[in-house]
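# Understanding the architecture of this molecule
Read off the chains here:
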Amino acid sequence: MVHVLPSGTGGFRPPPGLDPPGQFGHWGTGAWQHWETQWCSPLQSPAIMHAHSHFLQQRTEVFRSLPFPLLHPARLEKIARCEGSPASTGRDRQTVRQVQHPVHAVPDSKDNTPRPPLLAPAAAVSEDSSFAQRLESLTRAAHDDTWKLCTELSDAARKAGDIQVAQAAIRAATKLKGDSPQVWLEAFKLHEEFGDLDGCTRICRRALKRCPNHEGLLLRLVKTLERVGDVDGVRSVLSTLQNAPVERTWKVLVEGACFEGRQGNLEVARSMLWALLDLLPAQGQIYCEAARWESQDSTEQALQIALRGAQACPKYAPVWQVVLREAERSRGVAAVGMFLDQALENVTSELFWKFHFEMAGAFLRTNNAHGCRKHLAAAAACCGSSVQWKVWLQAGRMEYSLGCEQACRVLLQRAMQEAPGRMKPSVLLEQCRLEEICGNMESAREMFAAAPSRPDCDSSEWKVHLEHVLLEIRSGTVANARKVADKALEDHPATGRIWAATILVDHIANVAEARRNFVKGVSEVPKSGEIWCEGARLYMNPASKGFNLVEARRSLEFAIHLTPQYGDSFLEMLRLILLERLCEYVKGHPAVVAARGARSASGGRALQCSELQYLLRATSNGCLEVLGEFQEEMTAVEGSDYAALEAVCSTAEPNYGLLWYWIKRSSWTVRQIFEHMAKVLVQETQADVLEKYVSAMLSRELGVPLGDDLSATGFFFGVGRLSRAFQNMGSLDRVERMRVVFGAEVLYV
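Residues numbered from 1 in each chain as written. Predicted model: local features only at pLDDT ≥ 70, side-chain atom pairs only at ≥ 80, totals over all residues. Heavy atoms only, no water.

### Looking at the overall build of the protein chain
Across its full length, the protein chain carries 38 helices and zero strands. Considering the protein chain as a whole, with its 749 residues, one finds that 51% of them fall into the buried category. Considering only contacts in the protein chain between residues 6 or more positions apart, those separated by 24 or more positions represent 61%. Here the protein chain has roughly 34,200 Å² of accessible surface; of this, 52% comes from carbon and sulfur atoms. (Helix = DSSP H or I, 4+ residues; strand = E, 2+ residues; numbered from the N terminus. Buried < 20%, exposed > 50% of the residue type's maximum accessible area, 1.4 Å probe, protein only. Contact = heavy atoms within 4.5 Å. Areas by Shrake-Rupley, 256 points an atom, 1.4 Å probe, with all protein chains shown as cover.)

As structure tokens, then:
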């Protein structure tokens with residue numbers, strides 16, 4: 001039951017356990033007024049009123065003393081008057097917070113006078129008020145808040161591209177307030193933005209001398225050292241925490257355990273997490289991490305850990321979500337329903353809808369229409385109006401998966417009516433996907449064409465452009481897809497997924513152009529893992545003269561590091577591991593070694609086609625053995641090359657990607673997904689496909705040019721069937737079409 005507080009309470013709630021069943025309930029008016037007096041009146045006391053007024057006056061004097069305007073004069077006068085009580089000057093407090101954390105002053109709803117930004121970009125100020133002069137003025141002012149203004153000036157200069165002033169301002173802030181972790185965190189962010197990982201490490205080490213054992217600084221240092229590959233450095237940092245209070249450093253130790261897991265030391269990671277559970281049995285996050293790592297080997301054991309966490313922290317909702325997930329994996333949907341009842345008895349009522357939503361998804365994965373509808377209805381009944389559209393959206397997907405297309409349309413229309421303005425494009429995309437899956441391609445195109453004229457939907461959203469590009473590819477009209485991609489890049493030149501879609505279009509039609517766009521894309525959006533993954537696919541295409549497994553590994557390592565939520569990068573890395581093993585075998589084969597020596601002795605004589613055919617036949621049997629060994633190793637529990645990759649993937653928990661959702665089934669674990677991917681790779685890398693890969697390896701090893709780029713059909717995704725089906729949706733059944741169409745987008749709860 002939701003209780004409404006009486007007026008005059010200032011937004012405060014009664015003490016725990018005394019929440020009245022009605023407005024006054026069994027307390028009576030007098031009891032409630034007594035509670036209000038005890039808890040609310042002290043905030044209106046003269047002492048607090050005087051302190052609040054004095055604080056605002058001091059802050060106003062600081063602002064007025066600066067040689068450049070930060071706030072509009074009328075706003076300063078309003079703050080100086082200090083009208084009303086602390087509870088009634090929320091807008092004034094918001095103004096102070098905006099000065100501490102700009103970028104722009106908050107406009108007063110009662111005063112429409114235009115106000116300048118707190119720290120205007122270089123293009124908006126005169127030459128005599130440059131960033132450098134502002135920094136000089138700040139350092140001369142030397143007020144208590146100067147360090148805060150220096151950090152804000154550094155941030156504004158960074159956005160304007162003035163790197164030198166940004167660095168100088170943050171250095172001034174560290175000198176003025178070196179004992180504040182916030183200053184060092186801002187300095188770390190600046191160095192990280194420019195890719196200076198060594199500088200990030202130096203900043204963290206200097207900061208920890210001034211702020212020992214600060215959790216935020218330690219976490220950033222550990223993650224940065226892992227990024228640069230300094231394994232010993234990470235362990236050295238963790239060893240310094242032996243004498244530190246575990247209550248203050250447990251998050252760093254959890255990150256250290258995850259680091260060991262990502263290095264392949266699963267037993268060490270589990271031991272660290274179990275030790276933390278013994279020391280801090282009431283920290284729910286540790287149970288969630290321990291269950292995640294345990295699920296790689298045993299979902300039942302992971303469930304037991306999660307249940308122990310739910311017993312120790314019954315109010316911690318994430319641990320109950322882990323319980324439901326692991327119960328579905330190990331015991332099935334029936335067990336999920338049993339644990340759902342326990343979860344709803346403990347978590348706050350505001351989260352009930354999420355648990356019903358998850359339960360509906362579990363029933364949907366088992367094609368149980370009745371259970372799915374029941375829990376979606378329960379979710380719609382107990383969720384807030386701002387998120388109800390998500391329930392209708394999921395209900396629409398459920399109805400379509402059951403073959404009820406008309407019901408799906410009705411539900412999506414309801415979702416469009418109730419979705420907030422910024423989320424309406426997501427519902428529009430769902431409607432377009434429905435028409436595409438039903439085979440109404442023209443209707444889907446008309447909806448995309450009409451989107452700009454819809455007043456209730458922001459058609460400039462980059463996801464609208466992306467989905468339009470993918471629709472044209474799936475319909476086989478690559479030329480139209482290229483036009484839409486060009487328009488999308490004009491509107492969103494800094495969106496990585498738009499660049500990745502453009503590279504995919506060119507990979508299908510023109511591999512050479514795809515390589516050029518890949519170079520442009522990583523120059524424009526270097527932190528996009530999707531672009532790096534598309535580049536790796538280009539390098540692994542045996543029909544391209546750019547075939548290069550070394551560059552493919554480099555690109556995939558960037559992709560996994562920059563965007564670990566993108567599942568395709570992990571599965572493409574599995575394909576790369578297989579190709580590297582094949583390449584290692586081919587390079588070491590006696591016939592290839594002899595051919596390489598003969599070519600070197602003859603001064604680089606080009607090999608004849610007959611000689612290449614002989615080498616293909618000589619290496620074919622051995623390549624088949626390599627494929628068999630690869631599949632056997634993928635089923636091994638420990639010691640395989642992909643163990644560390646599996647650990648990283650389990651930590652990242654990917655949630656989108658066309659290839660990822662093509663391979664993934666229901667509630668599979670990462671190990672099951674990897675094993676299935678390995679099986680598919682071995683099945684497809686036979687006969688003609690294997691011959692193309694080996695030919696590309698021989699050509700690169702022996703220096704024989706492949707000539708012009710050949711057709712990329714079958715190689716622009718890691719799975720050949722997905723590559724072929726992506727342009728021929730008619731060959732797929734209903735479930736496969738849904739995987740292809742919905743794989744690039746995930747509905748977040």
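### Things to note about helix H18 (residues 352-365)
Look at H18: 20 Å from first C-alpha to last across 14 residues, which is about the 20 Å you get at 1.5 Å a residue. Among the 14 residues in H18, ten count as buried, and that is most of the element. Those residues of H18 that sit buried are Trp353, Phe355, His356, Phe357, Met359, Ala360, Gly361, Ala362, Phe363 and Leu364. Backbone geometry just downstream of H18 places Asn367 in the positive-phi region, at approximately 60°. (Expected span 1.5 Å × (residues − 1).)

### Structural notes on the packing of aromatic side chains
Here the distance between the centres and the angle between the planes together describe a pair of aromatic rings. Tallying each qualifying case throughout the model produces eight aromatic pairs. Seen in terms of ring centroids, Phe518 and Tyr539 are 6.1 Å apart; in terms of plane orientation they differ by 85°. Their pairing is edge-to-face. Placement of the pair is Phe518 in helix H27 (residues 511-524) and Tyr539 in helix H28 (residues 529-539), with a sequence separation of 21 residues. Each member of the pair, Phe518 together with Tyr539, is buried. A centroid spacing of 5.7 Å and a plane angle of 85° characterise the contact between Tyr693 and Phe715, whose relative ring orientation is edge-to-face. In this pair, Tyr693 is assigned in helix H36 (residues 687-701) and Phe715 in the loop between H36 and helix H37 (720-725), connecting sequence segments 22 residues apart. A single burial state applies to Tyr693 and to Phe715, both of which are buried. Aromatic ring contacts, followed pair by pair, group Phe518, Trp532, Tyr539 and Phe558 into a single cluster. (Phe/Tyr/Trp six-rings, centres within 6.5 Å; stacked < 30°, edge-to-face > 60°.)

### Some points on the environment of Gln296
In this fold, Gln296 is placed in the loop between helix H14 (284-294) and helix H15 (299-312). A sequence separation of 350 residues divides Gln296 from Glu646, and the C-alpha atoms of the two residues are 8.5 Å apart. With near-sequence residues (within four places) excluded, Gln296 lies in contact with Leu266, Glu646, Ala647, Ser650 and Arg671. Polar side-chain contacts of Gln296 include one of 3.4 Å to the side chain of Ser650. (Polar contact = N/O pair within 3.5 Å; in protein donor to acceptor, adjacent residues only side chain to side chain.)

### Quick word on a positive patch on the surface
Positive charge collects at one region of the surface, where Arg171, Lys175, Arg206, Lys209 and Arg210 lie side by side. Listed by contribution, the elements that provide at least two residues to the positive patch are helix H7 (163-176) and helix H9 (197-210). Element by element, the count of residues in the positive patch is highest for H9, at three residues. Following the sequence through the fold, Arg171 ends up in helix H7. A residue is classified by how much of its surface remains accessible, and Arg171, at 47% relative accessible area, is partly exposed. (Patch = residues over 30% accessible without salt bridge, like charges linked within 9 Å, V, L, I, M, F, W, Y side chains within 5 Å. Salt bridge = Lys/Arg side-chain N within 4 Å of Asp/Glu carboxyl O. Lys, Arg positive; Asp, Glu negative; His and termini not counted. Charge placed at Lys NZ, Arg CZ, Asp CG, Glu CD.)

### Examining the packing of helix H30 (residues 568-588) against helix H32 (residues 609-634)
Viewed as axis vectors pointing N to C, H30 and H32 meet at an angle of 140°, and their least axial separation amounts to 10 Å. As H30 runs across H32, the sense of the crossing is right-handed. The residues of H32 that touch H30, namely those facing Leu574, Ile577, Leu578, Arg581, Leu582, Tyr585 and Val586, are Thr619, Gly622, Cys623, Val626, Leu627, Phe630, Glu633 and Met634. (Axes fitted to C-alpha atoms, helices over the stretch in contact; angles between N-to-C directions. Left-handed = near helix turned anticlockwise from the far one by under 90°.)

### Focus: the pattern of salt bridges
Considering all chains together, one arrives at 42 salt bridges under this definition. The residue Arg270 makes a salt bridge to Asp297 at a minimum N-O spacing of 2.7 Å. Here Asp297 lies in the loop between H14 and H15 and Arg270 lies in helix H13 (residues 266-279), a separation of 27 residues in the sequence. For Arg270, a relative accessible area of 8% gives the class buried. One salt bridge in this structure joins Arg292 and Glu653, with 3.4 Å as the shortest N-O distance. Taken together, the residues span a long stretch of sequence, with Arg292 in helix H14 and Glu653 in the loop between helix H33 (643-652) and helix H34 (658-663) at a distance of 361 residues. Accessibility expressed as a relative area gives 17% for Arg292, which makes it buried. Its relative accessible area of 36% is what places Glu653 among the partly exposed residues. Three or more residues are tied together by salt bridges with common partners; here these are Glu267, Arg270, Glu294, Asp297, Glu646 and Arg671.

### A few points about the nonpolar core
Among the nonpolar cores identified, the biggest contains 202 residues, and Leu574 and Phe674 are the most heavily contacted of them. The element best represented in this core is H30, accounting for eleven residues. When near neighbours in sequence (up to four residues on either side) are disregarded, Phe674 contacts Phe570, Leu571, Leu574, Met634, Tyr642, Leu645, Glu646 and Cys649. Core analysis: the next-biggest nonpolar cluster, separate from the first, contains five residues, Cys150, Ala172, Ala173 and Val183 among them. (Core = buried A, V, L, I, M, F, W, Y, C linked by side-chain atoms within 4.5 Å.)

### Comments concerning unusual backbone geometry
A positive phi angle, close to 60°, is found at Asn213, a residue other than glycine. Topologically, Asn213 is positioned in the loop between H9 and helix H10 (215-227). Located in the positive-phi region is Asn367, a residue other than glycine, with phi close to 60°. Looking at the secondary structure, you find Asn367 in the loop between H18 and helix H19 (369-382). On the accessibility criterion, Asn367 (60% relative accessible area) is exposed.

### Observations regarding the side chain of Glu472
Position of Glu472 relative to the elements: it lies in helix H24 (residues 462-474). Setting aside its immediate chain neighbours within four residues, Glu472 contacts Arg445, Thr477, Val478, Asn480, Ala481 and Val484.

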